[in-house]
Amino acid sequence: MAPTLTFMTVGCARVAHLLPVDVASATGDQAPFSRQSQALLYRHRGKTSRLWQDKQVFSSVQNLVSKIFLMILLQFTSRRLLYQACSSLKPPPIGIQGPCWEMARPSSSMADFREVFAKAKHIAVITGAGVSAESGVPTFRGAGGYWRKWQAQQLATPEAFSRNPSRVWEFYHYRRELMLSKSPNAAHVAIADCEARLSKQGRKVVVVTQNIDELHRRAGSKDLLEIHGSLFKTRCTNCGNVAENYKSPICKALEGKGAPDPDTQDACLPVGDLPRCEKQGCSGLLRPHVVWFGETLDSNVLTEVEKELDVCDLCLVVGTSSVVYPAAMFAPQVAARGVPVAEFNMETTPATTSFSFHFQGPCGTTLSEALARHESEII
Ligand SMILES: [Zn+2]
């Protein structure tokens, strides 16, 4: 049994490295452990043993140890057993990450998520464009995502507005009017209903969204941090005043303008006819109160977000890739605190493996099930 015990010492350190590797590669021509590991075996058996200097004998023992290793590896098919073997600790609570847990694939067990959800007192929900996509809201990014012949990153910039405020206002006027024909979907409703229900139990749900369409608000979400601003707010370029604005059209000159077809000619409206500030004595040019490409987030909003992420005990990442902004900024910092993070998305990303849960599919479907009333809720 000595070789087995020796290997356990070396093997535990190596299991984590072998985990992501296809088992077939470990059973092929390649030896399952390195020269360094072989040297450790030598040293453990004693440098004076002439028997161990015989390469043929070593080779046969190596084969034996390889077989034993594979038998042990097959026994470690359960993640929780693996965690115990690596850390000599009790298995982690469901959803809490340990050293080997981070290497494992996230759970897609809805029952396990529901256990964590039932205990959570402060839930932060980070949402992105994927949530609104299910309501048919275009992003004007990616393949086919054009307004006339431009994508959002060409129009949603301070430079584009400075060069051609009429064109940029046409773009935003079109988006505002389009939103009047869209409605919140099942994902928005599930989040808003969850907030209303949990608030009666003294529990909190806060939504941190990059979406500017206000669909969360229309679904009934109250505790909402819109980190990219809103299509329905304006900011004065002269006095800086921020105001809600739900007018349709936002100004007379833009009525009937903003058609998205590539052949449409720019309206080329005079700046004086574009939306103007209504504060007495100002009448400066208004711009959409949204964060454009190349601009920084509002520091007050960001401070609020940081506060929520520091105290939440469950984090949901919904409809946004976890490798790109803003989820890339927020979710990993929550996961690093050992707080369970659950991702609801149409696809996996490289960051998915650092989270506790991943639910693939339309978030309207997955989220409705995930956030439904738990049997332990008494109100
Ligand atoms: Zn003003």
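Looking at an unreviewed UniProt entry, one finds the protein named NAD-dependent protein deacylase sirtuin-5, mitochondrial and attributed to Pleurodeles waltl. UniProt lists a comment for the protein under the heading Function (unreviewed entry), and it reads "NAD-dependent lysine demalonylase, desuccinylase and deglutarylase that specifically removes malonyl, succinyl and glutaryl groups on target proteins. Has weak NAD-dependent protein deacetylase activity; however this activity may not be physiologically relevant in vivo." In the Sequence similarities (unreviewed entry) part of its UniProt record, the protein is described as follows: "Belongs to the sirtuin family. Class III subfamily."

Moving on: the packing of helix α11 (residues 186–199) against helix α15 (residues 363–370). Between α11 and α15, the shortest axis-to-axis distance is 7 Å and the interhelical angle comes to 20°. Taken together, the axes of α11 and α15 are roughly parallel relative to one another. Taken as a pair, α11 and α15 cross one another with a handedness that is left-handed. Contacts between α11 and α15 pair Ala-186, Ala-187, Ala-190 and Ile-191 from the former with Cys-363, Gly-364, Leu-367 and Ser-368 from the latter. Partitioning the contact of α11 with α15 into residue classes produces six nonpolar, two polar and no charged.

Attention shifts here to the nonpolar core. In this structure, Val-125, Ile-126, Ile-191, Cys-315 and Val-318 are the most contacted members of the largest nonpolar core, which totals 47 residues. Broken down by element, the residue count for this core peaks at seven residues, all from α11. Ile-126 has contacts with Val-208, Cys-315, Leu-316, Val-317, Val-318, Thr-320, Ala-327, Phe-330 and Ala-331, leaving out every residue within four places of it along the chain. Counting 14 residues, the second-largest nonpolar core is a separate cluster that includes Phe-161, Trp-169, Phe-171 and Leu-254.

This part takes up the sheet that holds strand β5 (residues 242–244). An order of β5-β4-β6 is seen for the three strands of this open sheet, with the pairing classed as antiparallel. Of all the strands in the sheet, just β5 and β6 (286–290) have a single pairing partner and so form its edges. Strand-to-strand, the axes of this sheet are offset by a mean angle of 45°, without reference to chain direction. Alignment of strand β4 (residues 229–236) against β6, held across four bridges, turns out to be antiparallel. Looking at the pairing, Cys-236 lines up with Leu-286 of β6. Along the sheet face, helix α10 (residues 165–179) touches β4 and β6 and points at about 140° away from the line of β4.

Right, let's get into the confidence of the model for the protein. Of all residues in the protein, 72% attain a pLDDT of 70 or more, and the chain-wide mean is 79. Counted against residues more than four places away or in other chains, residues 1–58, with its pLDDT under 50, gives 37 contacts. Long-range and interchain partners of residues 69–102, a stretch whose pLDDT sits below 50, account for 46 contacts in this model, where long-range means more than four residues apart.

Moving on to the sheet that holds strand β9 (residues 357–360). The strand order across the open sheet formed by six strands is β3-β2-β1-β7-β8-β9, and the pairing between neighbours is parallel. The strands lining the two open edges of the sheet, one partner per strand, are β3 (224–226) and β9. Shown here is a sheet whose adjacent strand axes are inclined to one another by a mean of 15°, direction ignored. Bridge analysis of strand β1 (residues 122–127) against strand β2 (residues 204–209) gives six bridges, and the strand direction is parallel. Note on β2: the bridge partner recorded for Ile-123 is Val-205.

So, on to the UniProt feature "active site" (unreviewed entry) in the protein. As annotated in UniProt, the feature "active site" (unreviewed entry) corresponds to His-228 in the numbering used here. The residue His-228 is located in the loop between β3 and β4 in this model.

With that out of the way, let us pick up the pairing of β2. The buried fraction of β2 is high, at five of six residues. In the sheet, β2 pairs with β3 via three bridges, with the strands oriented parallel. Paired with Val-208 across the strands is Leu-225, a residue of β3.

This part is about the environment of Asn-211. Relative to the helices and strands, Asn-211 is located in the loop between β2 and α12 (215–219). Taking the C-beta count within 10 Å as the criterion, Asn-211 has 26 such neighbours and is therefore assigned buried. Along the primary structure Asn-211 and Ile-227 are separated by 16 residues, whereas in three dimensions their C-alpha atoms are 8.0 Å apart. If sequence neighbours within four positions are ignored, Asn-211 has contacts with Thr-127, Gly-128, Ala-129, Val-131 and Ser-132.

We now examine α11. The periodicity of an α-helix, 3.6 residues per turn, causes residues three or four places apart in sequence to face the same way. In a regular helix each residue adds 1.5 Å, so 14 residues correspond to 20 Å; α11 covers 20 Å between its end C-alpha atoms and thus fits that length. Along α11, the positions that sit buried rather than exposed are Ala-187, His-188, Val-189, Ala-190, Ile-191, Ala-192, Cys-194, Glu-195 and Leu-198. For α11, the secondary structure elements touched by its buried residues are β1, α7 (129–133), β2, α12, β7 (314–318) and α15.

What counts and what doesn't
- Residues numbered from 1 in each chain as written.
- Predicted model: local features only at pLDDT ≥ 70, side-chain atom pairs only at ≥ 80, totals over all residues.
- UniProt positions renumbered as here; feature names shortened; annotations may be inferred.
- Axes fitted to C-alpha atoms, helices over the stretch in contact; angles between N-to-C directions.
- Helix = DSSP H or I, 4+ residues; strand = E, 2+ residues; numbered from the N terminus.
- Parallel < 35°, antiparallel > 145°, perpendicular 65-115°, else oblique.
- Left-handed = near helix turned anticlockwise from the far one by under 90°.
- Contact = placed C-beta atoms within 7 Å.
- Nonpolar A, V, L, I, M, F, W, Y, C, P; charged D, E, K, R; others polar.
- Core = buried A, V, L, I, M, F, W, Y, C linked by C-beta atoms within 7 Å.
- Buried ≥ 20, exposed ≤ 12 C-beta atoms within 10 Å, placed from the backbone.
- Pairing = 2+ DSSP bridges.
- pLDDT = per-residue confidence, 0-100.
- Expected span 1.5 Å × (residues − 1).

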